[in-house]
Amino acid sequence: MRRTTGRLLRGLALLSVLSLGATACGSSDDDSSSTKAVSASDIQAALKKGGSVTVWAWEPTLKKVAADFEKKYPKVKVNLVSDKSGDKYYTALSNAIAAGKGVPDVSQVEYFALSQYSLTKGLSDLAPYGADKLASKYTAGPWNAVSDGDKVYGLPMDSGPMAMFYNKKVFDKYKIAVPTTWDEYVVAARKLHKADPKAYIANDAGDAGFTTSMLWQAGSRPYKVDGTKVAVNFEDAGAKKYTETWQKLLDEKLVSPINGWTDDWYKGLGDGTIATLTTGAWMPANFVSGVAGASGDWRAAPMPQWTAGAKASAENGGSSLALPTLGKNKELAYAFVEYANAGAGVQTRVDQGAFPATKAELQSSAFLNKEFPYFGGQKANQIFAQSASEVASDWSYLPFQQYANSIFNDTVGKAYISGTTLAQGLKSWQDASIKYGNEQGFTVSK
Amino acid sequence: MSTPVTTASASAPAPSGGGSRSAPRLRTPRKKHTPGRPRRSVLLTVLTGLILVYTVVPLIWLVISATKTQSGLADSNGLWFAHRFALWSNIHDTFTYHDGIFGRWLLNTLLYVVLGAGGATFLAILGGYALAKFDFPGKRAIFAVVIGAVAVPGTALAVPTFLMFSKIGLTDTPWAVIIPSLISPFGLYLMWVFATEAIPVELLEAARMDGAGEIRTFFQVSLPLLAPGVVTVLLFTTVATWNNYFLPLIMLRDPNWYPLTLGLSAWSSQAQTIGGDVIFNLVITGSLLTIVPLIAAFLLLQKYWQSGLAAGSVKE
Amino acid sequence: MTTLQPPAAATRPPVRPSAKRDRRSWTGWGFIGPFAVVFAFVFLAPIVYSVYLSLYRNQLIGGNHFVGLDNYTQAFQDDQFWSSLERVSLFLVIQVPIMLGIALFVALALDSGRLFGRDFFRITIFLPYAVPAVVATLMWGFMYGTQFGLVGDINSAFGVTLPDPLSTHLVLASIGNIVTWEFVGYNMLIFYSALRVIPTSLYEAAEIDGAGQFRVITAIKLPAIRGALVIATIFSIIGSFQLFNEPSILRPLARNAITTDYTPNFYTYSLSFNGQQHNYSAAVAIIMGLITMVIAYVVQLRGMRKGA
């Protein structure tokens, strides 16, 4: 009889866990979002009634927007949670959705991550709330990302049409011309590194967002999504253009291996050892806060082109605000989202340095004529707005882009640290993405 | 220094060689190993000193860096001060950033430590006492299972624990961090060893014959004897709970409930994201503030945990 | 769930002959009851649930199905898993002896009585144990920076180019350095405490025999602390197999060198939290746990067999 008590305890534990497991098994929540339209007056009524709404978003300009929203609707409390971002953020969101608990009412979701959540019914369709009527307010890139047919899964918050930021002080010092094509860029890279072996034209340690944006600009369309049928192919003409040119920079060691968004990186931007940065139009605010010492040294320029005289651009980053299906207070949530991204909140955020996704702000003369002290008084918004209008709009991300990005450095990263070429790295990224997609029940092929 | 280790313990595995007529005694600091005074070796001190330098340089770096502003960090040499001495303003900023969330994190950590480590010590004391002084069915199995459980990787447990806890509604609450902290296999082992050594069975028999109940015996007779062991386990579980990172990482979403480790990590990665504030100087100062209490605790309570740890080693 | 804690040797506790055995038996349970209940809840239940999860597969499209041992077969054929296992094994074989070697050296030096300022050494070398892994890794991460970290400072001060600690070839060693730094003091203290309880009579006997310092160490001290050595080794082995915190926190600085499958624990973490592949993650974790337990048991058996 020695072991009975032990066994009994363990049996109890087993029983309780199995019963938990049984509930877990059948817990794929049915999407209970109603498809009936919610009218503006319903929303107004909810705002008057008051309540609280939980918003998960790391966008710093939202703090003031939340405060203004509370002032406008005194009975509504906005609970803004902004500590997590990046991978950890999506992990937390996915965990909450899986657990069915603690899901926020409003969630910031970057454009690349939207289809992952919408396809698995994690986000509510906003069309019944009137979002579909807002299409004309936004530029093509962002609207394309948030809408799927006649469904709308979020309202665009900002956009990231790409531009090239360059350190004018360094360029002038070594008499380097500002490149307008990528071939010229490579030439400039060689000239710079030869003149100062400690300086690099740019840093690149492998970044999924940067690579996909470059492919976008080069005309590559690696991802084709049709419901649950997906194709992944990094060997099309656009991809080849990118890898052939960029490989030169890697082979000749013309890019610095510093990881972006690290202490070393900010310092490199500040002291001239990283001379250009090709990224989205939201970057100026980061220059101001992270590289204060180099104010006046930098300028903005249009992104280099693949053929001289072409006008092609791409988006890099940018996010929307969405309503998770399992969130509550739907009317208040939508009201906040609309306020922040289509109402008065837009100007508030633009004033703080956010880069809008709305045509009105992008075309306003105040916006276009804004002088950036950081860029020596340059009216950089004109470059950004021009870029926004040149973004090709038929780009798709994977319905599991979050995962694909997480293994980018495992696969393509090898091209940065060994003899593997970028093309080979992209191929192994392709294979791993296909494998994962099929494992998850999608039908994925080349 | 009267430690329970001096009581006879016939069951201690006797070291081989020479007579062990004298009971193992915790040696008070003596200056003699060989007849006459041993030569203090400069060479040995220098060699050990190298290891000391290795240990201490990062800590010195931390203290010095905490005195620099964000730009000071960029401009100055790592092991010497920058122009501006900003320690006090860094500390002030650390405590006021984001409406003083650092202070909240500090309080959270204290809460987790008091309830988690305190609770773990209490459970370990009771459990170790049971293993040492009682015979009961399933005893060996319990011990084997507990020790075996240590080898299970934390991640094997993380997600199932998370899923379990969320079904019962515990995630994102302090309980999700406190309850798993209550189990310390090392604490259990240490208390078991200590209780075996420290509490002579005769005392227990005497108390029982006097008619004292088991609980009274425990509190009045056994517990006082266990003091150094208790302090040891308390200190080690405190370190484990104070430094706990992975568990809160997956259990908590609301930054108001973060412990210091998670908070620092969040500040650090915040600087690494698009649009985040660059606050490396606060991360560094916060790190310094995080380790000071523990180091102070260890320094102040040296006497206790050293003898406790010694007893734990005797049992080998 | 506490961080790494060392397990025990399987020395059996002394069985006390007791006439009142039956009456004792349930009181014992009373005392260990609280621990056992929480343990069942916090360890046993998740393990059972983990096993259950490993037998299923939940897909983004298609939901949950029972798949039997498929996850396990997949794990056995998974290159990523085996290479991560290889990596921590390599780590273990190099880092553990180095760390324990240094710890032993310091413990012996402290015990020899021939140091100036022994107490100061003992306390200071122990201090890193009180530093959380997050802080230690952040600190070393800052210092490893070749541009503006300490490495960079040394480079500019002495005009040399030290190899980048965060480059692919060196990053494992750099992580090993952080772990060594964190735990050398703790292990040192375990050895030192064990050394301190060696009966002085042994030393007196050795003096009479005319044994030199070195002989004293090899013939008396080392054998006497065999148990502590075994414990520390087992603890370090388990810690190496479970390596997670340091690579995870260092990763943003070396994204290409530290892959998502860098260590088995990090692999299971990535599977769960990047890819939502909880079931496969559970299977890999269980395999890893079994391997760890077997190796720890083997080390313990071999270690104790040679002992007294």
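Calculation criteria
- Residues numbered from 1 in each chain as written.
- Chains lettered and ligands numbered in written order.
- Predicted model: local features only at pLDDT ≥ 70, side-chain atom pairs only at ≥ 80, totals over all residues.
- Heavy atoms only, no water.
- UniProt positions renumbered as here; feature names shortened; annotations may be inferred.
- Pairing = 2+ DSSP bridges.
- Helix = DSSP H or I, 4+ residues; strand = E, 2+ residues; numbered from the N terminus.
- Axes fitted to C-alpha atoms, helices over the stretch in contact; angles between N-to-C directions.
- Contact = heavy atoms within 4.5 Å.
- Domains from an automatic or database assignment.
- Buried area = accessible area lost by both parts, 1.4 Å probe.
- Salt bridge = Lys/Arg side-chain N within 4 Å of Asp/Glu carboxyl O.
- Polar contact = N/O pair within 3.5 Å; in protein donor to acceptor, adjacent residues only side chain to side chain.
- Nonpolar A, V, L, I, M, F, W, Y, C, P; charged D, E, K, R; others polar.
- Parallel < 35°, antiparallel > 145°, perpendicular 65-115°, else oblique.

As named in an unreviewed UniProt entry, chain C is Carbohydrate ABC transporter permease, taken from Streptomyces hokutonensis. In its Sequence similarities (unreviewed entry) section, the UniProt entry covering chain C states "Belongs to the binding-protein-dependent transport system permease family." Recorded in UniProt for chain C, the comment headed Subcellular location (unreviewed entry) runs: "Cell membrane".

Under an unreviewed UniProt entry, the name given to chain B is Carbohydrate ABC transporter permease, and the organism recorded is Streptomyces hokutonensis. What the UniProt record of chain B gives under Subcellular location (unreviewed entry) is the line "Cell membrane". As its UniProt record puts it under Sequence similarities (unreviewed entry), chain B is described as follows: "Belongs to the binding-protein-dependent transport system permease family."

Peer 1: Mind showing me how you'd approach the sheet that holds strand β9 (residues 223-226) of chain A here?
Peer 2: Sheets are built from strands that pair by backbone hydrogen bonding, the pairs being arranged parallel or antiparallel. Residues and elements named next belong to chain A. Spatial ordering of the open sheet is given by β9-β10-β15, a layout of three strands whose pairing is mixed. Each of the sheet's edge strands pairs with one partner strand only, and the pair in question is β9 and β15 (443-445). Taken over all neighbouring pairs, the strand axes of this sheet differ in orientation by 15 degrees on average, direction set aside. Docked against the sheet, helix α21 (residues 422-439) engages β9, β10 (229-232) and β15, running at close to 160 degrees with respect to β15.

Peer 1: What is the right way to look at the domain arrangement of chain B in this model?
Peer 2: Many authors give the size of an interface as the accessible area that is lost as the parts come together. Residue and element names in this part refer to chain B. What the domain assignment lists for chain B is domain 1 (43-85) and domain 2 (100-309). With ten residues of domain 1 at the interface, the matching set in domain 2 holds nine residues. Together domain 1 and domain 2 conceal approximately 700 Å² of surface at their shared face, both sides included; 78% is due to carbon and sulfur atoms. For the pair domain 1 and domain 2, the interface holds zero salt bridges. At the boundary of domain 1 with domain 2, the tally comes to zero residue pairs in polar contact (both at pLDDT 80 or more). For the side of domain 1 that touches domain 2, the secondary structure elements donating two or more residues are α1 (42-65) and α2 (70-75). Ranked by the residues each element gives to the side of domain 1 that touches domain 2, the list is headed by α1, at five residues. For the side of domain 1 that touches domain 2, the class distribution of residues is six nonpolar, three polar and one charged.

Peer 1: How do you make sense of the packing of α1(B) against helix α5 (residues 133-144) of chain C when you look at a structure like this?
Peer 2: Helix-helix packing is characterised by the crossing angle of the two axes and by the distance between the axes. Put simply, α1(B) and α5(C) touch, their axes get as near as 10 Å, and they point 85 degrees apart. The angle between α1(B) and α5(C) falls in the class roughly perpendicular. Between α1(B), through B:Tyr54, B:Pro58, B:Leu59, B:Trp61 and B:Leu62, and α5(C), the contact on the second element is made entirely by C:Met139, C:Trp140, C:Phe142 and C:Met143. Classifying every residue of the contact of α1(B) with α5(C) gives nine nonpolar, no polar and no charged.

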